[in-house]
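Report on the structure
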Amino acid sequence: MSSADKFSGISTDSFDRESNGKEQNILIYSHSLPPWVDGVSFRFKQHIKMLKDEGHHVHIVTIEDQLDNAVSSCAESVTHVDSTYLYWYPAKMFPNLTFRNCARIWKACVESKADVIHCTLCPSLPMFFMCARALNIPLVISVHTDSVTLLSKCDSPWWVIDMCKCMEPLATWFADATYTVSPSYSAILLQRGIKCLDVTWGGYANSTIFHPGRKTEGNWREVLSFGHPDDFIMITAGRVSPEKDIGFLVSLVKQFRDKGEKIWLAIIGDGPASDEFKHLHGEEHGIWFIPNFLKQTELASLYASVDLVCSASTFETFGFTSLEAMACGTPFLGPRAQGFRDVVNHNLGGYLFDAKDLTSAAHYLDIMLHERQELFPESSVLASTSDFTARNCYLRTLECYRLTKQNRLKSTNDFGCGESTHFILRSLMKTIRAVPIVFMMFFIAINYVLLNLPLFIASCCQLMSRARRTAGATWDRRMIFTNMTRNRVLVGSQVTN
């Protein structure tokens, strides 16, 4: 595309010219890689493949013990590190802050001879920063997950949320560049003290999988509507968790069914909030929900078969669900919030309602219910996805790497000793590098305590509880023996004659 790219403000023609430079050694760490299933995993999988196809050398640091072969086969080396999790959100894993992991990361940096290190933002970042600073390797952080909103939706303690708000900007200040996935989320991060590059990653839908032809596969309309395929069917797909606000969609559909409208909602996915919605499965509620994740081909067939794909989440940093739905020719209904507003062209690919406003959502759903065919023909919906290509995402990320290296060179030259061979200046440069490394060691120690203390306390509580149960069982056995010798009967914890 020759016009200005809305995810960078720069023509991607210039990216194409600059991408024809020399091969690069790229060291990549992502907290999500296949077989883990989410937008981050998908984005990195495609990026790693394109880097290899373009002749670059990819080296991976991962917490996945069974890394998908499609990813590992594209890498020249794979380093596995031990993982742990955040006590308040155990579903998400990240490398543990240990000397052993730090040594593994150091070895990966040295052996890969990395020109740039690309890491996702997570609590283990200080280990990568120390290695990057000591070896003078440019480091870029990519931010994919709105951790503050996620923790808030999961009812985490207020001080955990405040700690996240404090730690995230602090971590990014020490990197050479910070990169995110959409302009709207970049603006939110700026309000939190995180300045990102003007170029953002974006995303795309795989056109070999997501296309309108998939509607002929399967009998989804019959299944999702409990035998009423001619009714209006809408679906929401993804992780079933508190931050997705699925309850909002349940209320929206109930409002229309109470008025006699023939409308059905299918919830596709699984997650920690599944138990909250499982009991709603059935004709009486107009909801289809059997907790399970589908393969991408099945999901594409589903998107192409239904009348509308929807979401109520204000948590998305990029609207992959909306993009995949529109690539199948199906319009999307979602909140005018971060991520979705960068992907969905209002009135062309679907509608965006006021976030958390049931009246606004009902207004646009009513239009969809009665005028979808006229207002959103398949060709119009497909046209709204034309700028979202894998090539554009790849070129933006290469531009990010170029800017990262440029920032590292500038910060080095600002001290006047970038390429100097003078002994004193070289020593000064090493001292300058050592200062933040020492700070990061202190930062690691604090993080280790904050992240592992709750797990330690929980383990102690479990041991104490087990000890009490063991002591209680021993006491009961003693009481049974005592009362048997006295011709008494033990009933529960009471002794009766």
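What you see is a predicted model, and the numbers here were worked out from it, not measured in a lab.

**Here's the deal with helix H5 (residues 125-134)**
Burial of H5 is extensive: 9 of the 10 residues sit out of reach of the surface. Looking one or two residues past H5, Asn136 carries a phi angle of roughly 55 degrees, positive in sign.

**Considering the environment of Ser186**
When you line up the elements, Ser186 lands in helix H8 (residues 183-191). The buried category is assigned to Ser186, whose relative accessible area is 14%. On a C-alpha basis, the gap between Ser186 and Val199 in space is 9.6 Å, while along the polypeptide they are 13 residues apart. When near neighbours in sequence (up to four residues on either side) are disregarded, Ser186 contacts Thr180, Cys196, Leu197 and Thr200.

**Focus: the side chain of Thr314**
Relative to the assigned elements, Thr314 resides in the loop between strand E12 (308-310) and helix H13 (320-327). When its relative accessible area of 16% is taken as the criterion, Thr314 is described as buried. Among residues more than four places away in sequence, those in contact with Thr314 are Asp245, Pro335, Ala337, Gln338, Ala355 and Lys356.

**With respect to the state of the cysteines**
Under the counting rule described, the total for this entry stands at 0 disulfides. The closest cysteine sulfur to the non-disulfide-bonded Cys119 is located on Cys122, 7.8 Å from its own sulfur.

**So, the environment of Val81**
With respect to the helices and strands, Val81 occurs in the loop between strand E3 (77-80) and strand E4 (83-86). Here Val81 falls in the buried class, since its relative accessible area comes to 4%. In sequence terms Val81 and Ile63 are 18 residues apart; their C-alpha atoms lie 5.3 Å from each other. The residues touching Val81, leaving out its near neighbours within four places in the chain, are Val61, Thr62, Ile63, Pro95, Asn101, Arg104 and Ile105.

**Quick notes on the pairing of strand E1 (residues 25-29)**
Counting buried residues along E1, 5 of its 5 residues qualify, which places the element largely inside the surrounding structure. Side-chain alternation along E1 places Asn25, Leu27 and Tyr29 on one buried face and Ile26 and Ile28 on a second face that is also buried. With 5 bridges connecting them, E1 and strand E2 (residues 57-62) associate as parallel partners. Within E2, the position partnered with Ile28 by the bridge is Ile60. Between the parallel pair E1 and E2, the chain is carried across by helix H2 (residues 39-53), and the sense of this crossover is right-handed.

**Some details on the sheet that holds E1**
With parallel pairing, the 6 strands of this open sheet are ordered in space as E3-E2-E1-E6-E7-E8. Each end of this open sheet is capped by a strand with a single partner; those strands are E3 and strand E8 (177-180). Pairs of neighbouring strands in the sheet enclose a mean axial angle of 20 degrees, with direction left out of account.

**Observations regarding the packing of aromatic side chains**
If you walk through the whole model with that rule in mind, you get 14 aromatic pairs. Arranged with centres 5.5 Å apart and planes meeting at 20 degrees, the rings of Tyr179 and Trp201 form a pair that is stacked. Residue Tyr179 is found in strand E8, and its partner Trp201 is found in the loop between H8 and helix H9 (220-224); the two are separated by 22 residues along the sequence. A residue is classified by how much of its surface remains accessible, and Tyr179, at 0% relative accessible area, is buried.

**Digging into the sheet that holds strand E13 (residues 332-335)**
As summarised here, the arrangement of the 6 strands in space is E11-E10-E9-E12-E13-E14, forming an open sheet in which the pairing is parallel. The sheet is open, and its two edges are formed by strand E11 (287-288) and strand E14 (350-353), each paired on a single side. Pairing geometry for strand E9 (residues 232-237) and E12, over 2 bridges, is parallel. By the bridge assignment for E12, Ile235 is matched with Val309. Along the sheet, helix H12 (residues 296-305) makes contact with E9, strand E10 (263-268) and E12, crossing E9 at roughly 145 degrees. Sitting on the sheet, helix H15 (residues 358-375) touches E9, E10, E12, E13 and E14, and the angle it makes with E14 is about 175 degrees.

**Let's talk about the packing of helix H10 (residues 246-258) against H15**
One way to put it is that H10 packs onto H15 with a least axis distance of 10 Å and a crossing angle of 55 degrees. Here H10 lies oblique to H15, going by the angle between them. Judged by the twist between their axes, the crossing of H10 over H15 is right-handed. Contacts between H10 and H15 involve Phe248, Leu252, Gln255 and Phe256 on the former and, on the latter, Leu358, Ala361, Ala362, Leu365, Asp366 and Leu369. Partitioning the contact of H10 with H15 into residue classes produces 8 nonpolar, 1 polar and 1 charged.

**Section: a nonpolar patch on the surface**
The grouping of Leu453, Phe456 and Ile457 at the surface amounts to a nonpolar patch, some 300 Å² of accessible area in total. Inspection of the secondary structure puts Phe456 in helix H18 (residues 423-485). The exposure class of Phe456 is exposed, given its relative accessible area of 53%.

**Things to note about the confidence of the model for the protein chain**
The predicted coordinates ought not to be read in detail in places where the model reports low pLDDT. Per-chain confidence: the protein chain averages 85 in pLDDT, with 81% of residues scoring 70 or above. Confidence drops under pLDDT 50 across residues 484-497; counting only partners more than four residues distant or on other chains, this segment forms 15 contacts.

**Digging into the packing of helix H4 (residues 99-112) against H5**
Direction vectors running N to C along H4 and H5 enclose 40 degrees, while the axes themselves pass 9 Å from each other. Relative to H5, the element H4 lies oblique. Read as a crossing pair, H4 and H5 show a hand that is right-handed. Each of Asn101, Cys102, Ile105, Trp106 and Cys109 in H4 lies in contact with H5, whose residues at this interface are Met127, Phe128, Cys131 and Ala134.

**Details of the pattern of salt bridges**
On inspection of all chains with the given rule, the structure shows 18 salt bridges. With its nearest N and O atoms 3.9 Å apart, the salt bridge here joins Lys195 to Asp198. Look at Lys195 and you get exposed, because its relative accessible area is 54%. Measuring nitrogen to oxygen at the nearest pair gives 3.3 Å for the salt bridge that ties Lys356 to Asp245. Separated by 111 residues along the polypeptide, Lys356 in the loop between E14 and H15 and Asp245 in the loop between E9 and H10 bring together distant segments of the chain. Owing to a relative accessible area of 19%, Asp245 belongs among the buried residues under this scheme. Ionic contacts of the salt-bridge type, sharing partners, join the residues Asp82, Arg100 and Arg104 into one network.

What counts and what doesn't
- Residues numbered from 1 in each chain as written.
- Predicted model: local features only at pLDDT ≥ 70, side-chain atom pairs only at ≥ 80, totals over all residues.
- Heavy atoms only, no water.
- Buried < 20%, exposed > 50% of the residue type's maximum accessible area, 1.4 Å probe, protein only.
- Helix = DSSP H or I, 4+ residues; strand = E, 2+ residues; numbered from the N terminus.
- Contact = heavy atoms within 4.5 Å.
- Disulfide = S-S within 2.5 Å.
- Pairing = 2+ DSSP bridges.
- Right-handed = clockwise from strand over helix to strand, strands pointing away.
- Axes fitted to C-alpha atoms, helices over the stretch in contact; angles between N-to-C directions.
- Phe/Tyr/Trp six-rings, centres within 6.5 Å; stacked < 30°, edge-to-face > 60°.
- Parallel < 35°, antiparallel > 145°, perpendicular 65-115°, else oblique.
- Left-handed = near helix turned anticlockwise from the far one by under 90°.
- Nonpolar A, V, L, I, M, F, W, Y, C, P; charged D, E, K, R; others polar.
- Patch = residues over 30% accessible without salt bridge, like charges linked within 9 Å, V, L, I, M, F, W, Y side chains within 5 Å.
- Areas by Shrake-Rupley, 256 points an atom, 1.4 Å probe, with all protein chains shown as cover.
- Salt bridge = Lys/Arg side-chain N within 4 Å of Asp/Glu carboxyl O.
- pLDDT = per-residue confidence, 0-100.

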